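A structural walkthrough
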Amino acid sequence: MKLRHMMSGGAGLVLAAGFMALFIGSARFVMGLTLKPMVDEMNWTRTDIGEAVGLFQVVTALAMFAGGRMADTMNLRYIFGFGLGISGLCMIALGQVTQPWHVLVIFGIVYAFANGVAAMASVGVMVTRAFPLNAGFANGVASSG
């Protein structure tokens, strides 16, 4: 009953948007599935892809600080529009890579920054504003994305 009440009105759209933002952002985990095929098909080393994944982790962590700060001072629609839009373009661009440095730049830097900006900190602020009395539960629902 509580979830149905929470999903009514505009707050339900906020919760759905937070869930989808984190769900779409989880595309970063696909790199684990594509590692071996990329290495085999492109004749790269695992280190080539591993460096991009490591760089991704560092850049995403740093971008989360920026995303949290932006969430406190800017319109969350712009933050999500930027983050998810750039993330989508990077996913398309990753299908066109031909050199290991392309993966470093596209996945390790650009996608990592966009993903970090539209990540947990921004979603948490958005959901907490929409559900001030049930922020914990609502953030749990959104985080499950």
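None of the values given here were measured: they were computed from a predicted structure.

The biggest cluster of nonpolar side chains holds 18 residues, and the ones touching the most others in it are Leu-15, Leu-76, Phe-80, Val-123, Val-127 and Phe-131. Breaking this core down by element, the ones donating at least two residues are helix H2 (9-25), helix H4 (46-73), helix H5 (76-94), helix H7 (120-130) and helix H8 (135-143). If you look at the next biggest cluster of nonpolar residues, it comprises 15 residues, including Ile-49, Phe-56, Cys-90 and Val-103.

Attention shifts here to the packing of aromatic side chains. Applying the stated rule across the entire model yields four aromatic pairs. Ring geometry for Phe-56 against Phe-107: centres 4.7 Å apart, planes inclined by 15°, an arrangement best described as stacked. Of this pair, Phe-56 sits in helix H4 while Phe-107 sits in helix H6 (residues 100-117), and the two are 51 residues apart along the sequence. With a relative accessible area of 3%, Phe-107 lands in the buried category. Seen in terms of ring centroids, Phe-82 and Phe-113 are 6.3 Å apart; in terms of plane orientation they differ by 75°. Their pairing is edge-to-face. Separated by 31 residues along the polypeptide, Phe-82 in helix H5 and Phe-113 in helix H6 bring together distant segments of the chain. Using a relative accessible area of 39% as the deciding quantity, one classes Phe-82 as partly exposed. In this structure an aromatic cluster arises from ring pairing among Phe-56, Phe-107 and Tyr-111.

Now for the confidence of the model for the chain. Mean pLDDT over the chain: 80, with 86% of residues reaching 70 or higher. Ranking the elements of the chain by mean pLDDT puts helix H1 (residues 2-6) last, at 56, and H6 first, at 91.

The subject of this paragraph is H6. Here H6 spans 24 Å end to end across 18 residues, near enough to the 26 Å set by a 1.5 Å rise per residue. Taken residue by residue, H6 has His-102, Val-103, Ile-106, Phe-107, Gly-108, Tyr-111, Ala-112, Ala-114, Asn-115, Gly-116 and Val-117 as its buried positions.

Here is what the cut-offs are and how they apply
- Residues numbered from 1 in each chain as written.
- Predicted model: local features only at pLDDT ≥ 70, side-chain atom pairs only at ≥ 80, totals over all residues.
- Heavy atoms only, no water.
- Core = buried A, V, L, I, M, F, W, Y, C linked by side-chain atoms within 4.5 Å.
- Buried < 20%, exposed > 50% of the residue type's maximum accessible area, 1.4 Å probe, protein only.
- Helix = DSSP H or I, 4+ residues; strand = E, 2+ residues; numbered from the N terminus.
- Phe/Tyr/Trp six-rings, centres within 6.5 Å; stacked < 30°, edge-to-face > 60°.
- pLDDT = per-residue confidence, 0-100.
- Expected span 1.5 Å × (residues − 1).

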